[in-house]
Amino acid sequence: MSISKEILQKYKKYGDILIETGSYEGDTIQLGLDLGFERIHSIELSEKLYNKCQERFKNVSGVHLYLGDSLQI
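Just so we're clear, the structure is a prediction, and the values are computed from it rather than from any experiment.

Draft legend 1. Structural context of helix α3 (residues 47-56). What α3 keeps buried is the set L49, Y50 and C53. For α3, the angular spread of the buried residues around the axis is 105°, confining them to a single face. When the buried face of α3 is taken as reference, the exposed residues oriented beyond 90 degrees from it are E47 and K48. Close packing links the buried residues of α3 with β2 (39-44) and β3 (63-67).

Draft legend 2. Representation of the nonpolar core. Ranked by size, the top nonpolar core spans 12 residues in total: L8, L18, I29, L31, L35, F37, I40, Y50, C53, F57, V63 and L65. If you list the elements that add at least two residues to this core, you get α2 (27-34), α3 and β3. Once residues within four sequence positions are removed from consideration, L35 is found in contact with K5, L8, Q9 and K12.

Draft legend 3. Examining the side chain of S23 more closely. Assignment of secondary structure puts S23 in the loop between β1 (17-21) and α2. What makes S23 buried here is its relative accessible area of 5%. Reaching out from S23, the side chain makes a polar contact with the side chain of S42 at a distance of 2.4 Å. Every residue in contact with S23, bar those within four places of it in the chain, is listed here: I29, S42, I43, E44, C53 and L65.

Draft legend 4. Layout of the pattern of salt bridges. Enumeration over the complete set of coordinates arrives at 4 salt bridges. One salt bridge in this structure joins D16 and K12, with 2.4 Å as the shortest N-O distance. Given a relative accessible area of 31%, D16 falls into the partly exposed group. Here K52 ties to E25 by a salt bridge, and the two come within 3.2 Å at their closest N and O atoms. Here E25 lies in the loop between β1 and α2 and K52 lies in helix α3, a separation of 27 residues in the sequence. Among the residues examined, K52 registers a relative accessible area of 43% and is labelled partly exposed. By relative accessible area, which is 26% here, E25 ends up partly exposed.

Draft legend 5. Focus on the packing of aromatic side chains. The final tally for this structure, using the stated rule, is 1 aromatic pair. Residues Y11 and Y14 carry aromatic rings whose centres are separated by 6.1 Å and whose planes lie at 40° to one another, so their mutual orientation is tilted. Residue Y11 is classed as partly exposed on the basis of its relative accessible area, which comes to 46%. Classification of Y14 as exposed rests on a relative accessible area of 63%. The residue whose ring lies beneath K12 is F37, and the NZ or CZ to ring-centre distance is 5.4 Å.

Parameters at a glance
Residues numbered from 1 in each chain as written. Predicted model: local features only at pLDDT ≥ 70, side-chain atom pairs only at ≥ 80, totals over all residues. Heavy atoms only, no water. Buried < 20%, exposed > 50% of the residue type's maximum accessible area, 1.4 Å probe, protein only. Helix = DSSP H or I, 4+ residues; strand = E, 2+ residues; numbered from the N terminus. Arc of directions from axis to C-beta. Contact = heavy atoms within 4.5 Å. Core = buried A, V, L, I, M, F, W, Y, C linked by side-chain atoms within 4.5 Å. Polar contact = N/O pair within 3.5 Å; in protein donor to acceptor, adjacent residues only side chain to side chain. Salt bridge = Lys/Arg side-chain N within 4 Å of Asp/Glu carboxyl O. Phe/Tyr/Trp six-rings, centres within 6.5 Å; stacked < 30°, edge-to-face > 60°. Lys NZ or Arg CZ within 6 Å of the ring centre and 35° of its normal.

The structure is reproduced here in structure tokens:
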């Protein structure tokens, strides 16, 4: 389940950086971009899902993806 647009909008007023754990297929990343976050950091445990997001956002300079366990990074 991804975060709702309304909740993400609420936190946008605090800054332009979004940090999330569990990229899944990148829908929250895209929502963050749509809402105007300038930098998005997302950590994904699954190599398959990480690679999918790498491909999806390969031409987006503000998106930073990390492969690994969010408890260890």
